[in-house]
Amino acid sequence: MRILVTGGAGFLGSHLCERLLNEGHEVICLDNLFTGRKQNIVHLLENPYFEFVRHDVIDPFKFEVDQIYNLACPASPPHYQYNAIKTIKTSVMGAINCLGLAKRLGARVFQASTSEVYGDPIEHPQRETYWGNVNTIGVRSCYDEGKRCAETLFYDYHRQNGVDIRIVRIFNTYGPRMLANDGRVVSNFIVQALRGEDLTVFGEGLQTRSFCYYSDLIEGFVRLMNQDEVKGPINIGNPGEFTMLELAEQVLKLTGSKSKIIHKPLPSDDPKQRKPDITLAKKHLNWEPTISLSDGLQKTIEYFKGQI
Ligand code: NAD
Ligand code: UDP
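In what follows, the accompanying structure is described. (Residues numbered from 1 in each chain as written. Chains lettered and ligands numbered in written order. Predicted model: local features only at pLDDT ≥ 70, side-chain atom pairs only at ≥ 80, totals over all residues. Heavy atoms only, no water.)

Some remarks on helix H1 (residues 11-22)
At step 1: With twelve residues, H1 extends 17 Å from end C-alpha to end C-alpha; this agrees with the ideal 16 Å at 1.5 Å per step.
At step 2: Those residues of H1 lying buried are Phe11, Leu12, Gly13, Ser14, His15, Leu16, Cys17, Leu20 and Leu21.
At step 3: A positive backbone phi angle near 95° is found at Gly24, which sits one or two residues after H1. (Helix = DSSP H or I, 4+ residues; strand = E, 2+ residues; numbered from the N terminus. Expected span 1.5 Å × (residues − 1). Buried < 20%, exposed > 50% of the residue type's maximum accessible area, 1.4 Å probe, protein only.)

Concerning the sheet that holds strand E3 (residues 50-54)
At step 1: Read from one edge of the open sheet, seven strands run E3-E2-E1-E4-E5-E6-E11, paired in parallel fashion. Looking along the sheet, the strands with just one partner apiece sit at the ends: E3 and strand E11 (234-236). Mean inter-strand twist for the sheet, computed between neighbouring axes without regard to direction, equals 20°.
At step 2: Across five bridges, the pairing between strand E1 (residues 2-6) and strand E2 (residues 26-31) is parallel. Paired with Thr6 across the strands is Leu30, a residue of E2.
At step 3: Here H1 sits on the sheet and contacts E1, E2, E3, strand E4 (67-70) and strand E6 (164-170); the angle it forms with E1, its principal contact strand, is near 170°.
At step 4: Those strands touched by helix H3 (residues 84-105) are E1, E4, strand E5 (108-114) and E6, and its axis lies near 175° from that of E4. (Pairing = 2+ DSSP bridges. Axes fitted to C-alpha atoms, helices over the stretch in contact; angles between N-to-C directions. Contact = heavy atoms within 4.5 Å.)

Some points on the layout of surface pockets
At step 1: Of the pockets and cavities examined, the second largest pocket occupies roughly 210 Å³.
At step 2: Lining the second largest pocket, in full, are Val117, Glu128, Thr129, Tyr130, Trp131, Arg148, Glu151, Thr152, Tyr155, Arg169 and Pro233.
At step 3: Per-element accounting of the lining of the second largest pocket gives the leading share, four residues, to helix H4 (residues 141-161).
At step 4: Class assignment for the residues of the lining of the second largest pocket results in five nonpolar, two polar and four charged. (1 Å grid on protein atoms, 1.4 Å probe; cavity = no way out; pocket = protein on both sides within 12 Å on 5 of 7 lines; lining within 4 Å. Points joined across faces, edges and corners; volume = space filled by probe spheres on them. Nonpolar A, V, L, I, M, F, W, Y, C, P; charged D, E, K, R; others polar.)

A look at the packing of H3 against H4
At step 1: Packing of H3 against H4 brings their axes to within 8 Å, and their N-to-C directions diverge by 15°. When the axis of H3 is compared with that of H4, the two are roughly parallel. Considering the relative orientation of H3 and H4, their crossing is right-handed. Residues Ala84, Thr87, Ile88, Ser91, Val92, Ala95, Ile96, Leu99, Gly100 and Lys103 of H3 touch H4, and the partners they reach there are Cys142, Tyr143, Gly146, Lys147, Cys149, Ala150, Leu153, Phe154, Tyr157 and Asn161.
At step 2: Classifying every residue of the contact of H3 with H4 gives 13 nonpolar, five polar and two charged. (Parallel < 35°, antiparallel > 145°, perpendicular 65-115°, else oblique. Left-handed = near helix turned anticlockwise from the far one by under 90°.)

Describing the site of ligand 1
At step 1: Near ligand 1 lie 30 residues; those nearest to it are Asp31, Thr35, Tyr143, Lys147 and Thr173.
At step 2: Residue Asn32 places a main-chain N or O atom 3.2 Å away from a nitrogen atom belonging to ligand 1.
At step 3: Arg184 places a polar side-chain atom, nitrogen or oxygen, 2.9 Å from a nitrogen atom of ligand 1.
At step 4: Protein burial of ligand 1: of its 820 Å² of free accessible surface, 97% is covered by the chains.
At step 5: When contributions to the shell around ligand 1 are tallied by element, the ones reaching two or more residues are H1, H3, E5 and H4.
At step 6: At three residues, E5 tops the list of elements feeding residues into the shell around ligand 1.
At step 7: When the residues that make up the shell around ligand 1 are grouped by side-chain class, the tally is 14 nonpolar, eleven polar and five charged. (Near = heavy atom within 4 Å. Polar contact = N/O pair within 3.5 Å; in protein donor to acceptor, adjacent residues only side chain to side chain. Areas by Shrake-Rupley, 256 points an atom, 1.4 Å probe, with all protein chains shown as cover.)

This is how it looks when you write it as structure tokens:
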């Protein structure tokens, strides 16, 4: 197949492009390089079945493709809050442009949604049927509401125009090719530990997250995209749940770092808990994560040792 990956030069997008090329597909990677890097895809540029297009998803685009994965959107809170209006435009107009193209081509289109659609969840763990607890006017809203609106657009294009959709709700995912200055917690803690700097735990550090290693996630993407049983939204994430203090302690142990843990103010609207219920992914995709947090952290630490 010929497959379009928007956001293909980013952390997850570049791993997805690589996986699709390895499966023998042709890949068009569209990215404006806001948080993505040519370095993530430089090893693919020689491949005659790979094409990089520098373009913004908010501007229309046309390609002849069989499938579209829509990943374009900054994912780290400091990056998506840097230009909040641009972030919401990216999610909403990017979705409209992908859906319009899929409608014209009869192509299957996949949306990278997020556990952020659950906001600061009251239901725990989160099932796909939970509608969420999201602030419409906070600093995270540009991302959360943009992604929620994209899900709405996907279902409206499906109901109104018969577009063939798939939606995944991604829970915190980490691994090689995250940016050292990404701002997300796993890369922050690892980079701080390796540099001998203090690990910055926000708030008391008792808030929880569930961390999935990138290769498990990409496997879930491909399984969801290539089956006909469910459209989603479907949670893909690792149900292991950790406080940020536990994460900091694991990173210190695995790096052997003498860094100290310090506390910084908790950002506003920071969700207190997050853990996916993956019953649907197990049932319909026969998917569950295979990489433990300590194994995934170890591999990510090795990557960052080579970067900094
Ligand atoms: P990332 O920031 O590394 O990747 C996003 C990519 O999109 C970058 O390459 C960036 O340059 C590109 N991009 C941003 N705005 C664009 C625009 N207007 N036009 C074209 N390209 C644009 O982040 P990631 O972790 O790889 O996330 C990929 C997708 O997965 C995002 O949609 C994100 O919301 C979603 N997601 C990720 C996680 C996670 O934990 N990694 C969790 C939930 C959802
Ligand atoms: N966090 C932290 N220190 C950091 C960066 C993040 O304690 O240096 C916390 C943050 O407040 C949140 C959790 O780690 O509770 C996950 O943050 P991240 O930005 O990785 O993702 P998200 O909040 O979008 O899940």
